[in-house]
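Listed below, chain by chain, are the residues.
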Amino acid sequence: MKLFMSLVDSLLRLSASLKTLGVHLIRVAIFIIFVWIEGLKFFNYEAEGIVPFVANSPFMSFFYAKDAPEYKEYKLKEGEVDV
């Protein structure tokens, strides 16, 4: 039993010493994700992906209030199902 408690104690001390490393790795991971998401904003990929949502959203209708020919192919008629 004493050996088991010694093993548990050493594992807990090891995990406590790795806590700061884990916090720094999480910060680096979040930074990478934010850079990746913000990097997508500079390319046409993300803009084309949200066009159908904007074109069919009643809350975003002010974005396509003016005649925008590129929205016509994405806009659905009322009750129409896109197949």
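The rules we used
Residues numbered from 1 in each chain as written. Predicted model: local features only at pLDDT ≥ 70, side-chain atom pairs only at ≥ 80, totals over all residues. Heavy atoms only, no water. Helix = DSSP H or I, 4+ residues; strand = E, 2+ residues; numbered from the N terminus. Buried < 20%, exposed > 50% of the residue type's maximum accessible area, 1.4 Å probe, protein only. Areas by Shrake-Rupley, 256 points an atom, 1.4 Å probe, with all protein chains shown as cover. Patch = residues over 30% accessible without salt bridge, like charges linked within 9 Å, V, L, I, M, F, W, Y side chains within 5 Å. Salt bridge = Lys/Arg side-chain N within 4 Å of Asp/Glu carboxyl O.

1. A closer look at the overall build of the protein chain
- The number of helices and strands found in the protein chain is four helices and zero strands.
- For the protein chain, the proportion of its 83 residues judged to be buried stands at 8%.
- On the protein chain, roughly 8,000 Å² of surface is accessible, and the fraction owed to carbon and sulfur atoms is 70%.

2. Focus: a nonpolar patch on the surface
- On the surface, Leu7, Leu11, Leu14, Leu18, Leu21 and Leu25 cluster together into a nonpolar patch covering about 580 Å² of accessible area.
- When residues of the nonpolar patch are traced back to their parent elements, those giving at least two are α1 (2-17) and α2 (19-40).
- With three residues, α1 is the largest single contributor of residues to the nonpolar patch.
- Along the chain, the position of Leu25 falls in helix α2.
- Here Leu25 falls in the exposed class, since its relative accessible area comes to 53%.

3. What to know about the pattern of salt bridges
- For the coordinates displayed, the defined rule picks out one salt bridge.
- A salt bridge links Arg13 to Asp9; the shortest N-O distance between them is 3.2 Å. Of this pair, Arg13 and Asp9 both sit in helix α1, four residues apart, roughly one helical turn.
- Residue class for Arg13 comes out exposed when judged on its relative accessible area of 59%.
- Using a relative accessible area of 36% as the deciding quantity, one classes Asp9 as partly exposed.

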